[in-house]
Amino acid sequence: MLAAKNIEFNYDKVRKFEFPDIQMKEGDELLILGKSGSGKTTILNILGGLLKPLSGEVIIGGSSLYQLKGASLDKFRGKNIGIIFQKPHILAPLTVEENLRLANFFVGERGKQNEALLRELGIFEKRKSKISTLSEGEAQRVSIARALANSPKLILADEPTSSLDDENATIVIKLLQEQAKKFQAALIIVTHDQRVKNFISNQVIVGGTL
Ligand SMILES: Nc1ncnc2c1ncn2[C@@H]1O[C@H](COP(=O)(O)OP(=O)(O)OP(=O)(O)O)[C@@H](O)[C@H]1O
């Protein structure tokens, strides 16, 4: 379902990143570990179609991601890839449910499962609240709901637990795992968080060592 092969990337001439190959089937889980600055967010953005690699190929569901251009890439990403960013990229002036509907709108989905998602994530009661009035943990759950709103085949999460206490960190990881199972999606989590290592045994290290 996902294959990343021979991926290299550089932001400038000083440093070139070489990333390990990744192969995943539907329903697989993977942790990406690595020191600060090793390129974890960079590889996540490459897998998510946000950063074109210098060389190599990312194949998702049979499509070579960077062969797609402009609007086709945006649409493919919106339909097939759900990204949970390190800092929530949800729109603060909008309500919880407006943020989800916007994600649906971009790819022409009807959002049939938005209500169920909000209930499962424990934020249904907050659906009419503006993001700016939510706690950090609630906003994090909204960004998860938004990433899952179009039933993606691939779920990418960048440090999803870094701002959460133990109880909420466990809840968020289990939610991501449950949702991934529900859609038979592949789940990739980038993290520093030692707690997360207990939940996912399949791991890859970027930058050589931890
Ligand atoms: N837009 C950019 N332009 C230039 N350099 C960048 C850019 N984004 C990241 N870098 C550099 O690339 C390296 C890898 O960054 P990245 O964010 O992928 O690391 P990371 O492993 O996710 O780190 P952390 O665990 O601290 O979040 C860092 O040294 C960073 O300074």
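Here the structure is shown first, and the text comes after it.
Presented here is a report on the structure given in the accompanying data block. As the structure is a prediction and not an experimental result, all values here were calculated from the model. (Residues numbered from 1 in each chain as written. Predicted model: local features only at pLDDT ≥ 70, side-chain atom pairs only at ≥ 80, totals over all residues. Heavy atoms only, no water.)

Our focus in this paragraph is the site of the ligand. Around the ligand, the structure places Y11, R15, F17, K35, S36, G37, S38, G39, K40, T41, T42 and H192. Within the side chain of R15, one N or O atom sits 3.4 Å away from an oxygen atom of the ligand. At 2.5 Å, a side-chain N or O of T42 approaches an oxygen atom of the ligand. About the coverage of the ligand: the protein hides 58% of its 640 Å² of free accessible area. In terms of residues, the shell around the ligand owes the most to one element, helix α1 (residues 40–47), which gives three residues. When grouped by side-chain class, the residues that make up the shell around the ligand number two nonpolar, seven polar and three charged. (Near = heavy atom within 4 Å. Polar contact = N/O pair within 3.5 Å; in protein donor to acceptor, adjacent residues only side chain to side chain. Areas by Shrake-Rupley, 256 points an atom, 1.4 Å probe, with all protein chains shown as cover. Helix = DSSP H or I, 4+ residues; strand = E, 2+ residues; numbered from the N terminus. Nonpolar A, V, L, I, M, F, W, Y, C, P; charged D, E, K, R; others polar.)

Here we come to the nonpolar core. In this structure, I155, L176 and I189 are the most contacted members of the largest nonpolar core, which totals 36 residues. Mapped onto this core, the elements with two or more residues apiece are β4 (29–33), α3 (96–106), α4 (114–120), α5 (136–148), β8 (154–158), α6 (166–183) and β9 (186–190). Ranked by residue count, the leading element in this core is α6, at seven residues. The contacts of I155, once residues within four sequence positions are left out, are G82, I84, L148, L176, A180, A185, A186, L187 and I188. Judged by nonpolar contacts, the second largest core, of 30 residues, contains A4, I7, L47 and V58. (Core = buried A, V, L, I, M, F, W, Y, C linked by side-chain atoms within 4.5 Å. Buried < 20%, exposed > 50% of the residue type's maximum accessible area, 1.4 Å probe, protein only. Contact = heavy atoms within 4.5 Å.)

Time to look at the sheet that holds strand β10 (residues 203–205). With parallel pairing, the five strands of this open sheet are ordered in space as β7-β8-β9-β4-β10. Because the sheet does not close on itself, it has two edges, and the strands there are β7 (81–84) and β10. Ignoring strand direction, the axes of neighbouring strands in this sheet form an average angle of 15 degrees. Bridge count for β8 against β9 is five bridges, and the pairing is parallel. Each bridged residue has a counterpart across the sheet, and for L154 the counterpart in β9 is A186. (Pairing = 2+ DSSP bridges. Axes fitted to C-alpha atoms, helices over the stretch in contact; angles between N-to-C directions.)

The next subject is the layout of surface pockets. Picture a little ball the size of a water molecule; that probe, rolled over the atoms, points out where space is still empty. If you add up the space inside the largest pocket, you get close to 500 Å³. In terms of lining, the largest pocket is formed by 20 residues, of which the most central are G78, I81, A103, F106 and R146. Elements that contribute at least two residues to the lining of the largest pocket include exactly α2 (70–80), β7, α3 and α5. No other element matches α3, which puts four residues into the lining of the largest pocket. Among the residues making up the lining of the largest pocket, the classes are represented as eleven nonpolar, six polar and three charged. (1 Å grid on protein atoms, 1.4 Å probe; cavity = no way out; pocket = protein on both sides within 12 Å on 5 of 7 lines; lining within 4 Å. Points joined across faces, edges and corners; volume = space filled by probe spheres on them.)

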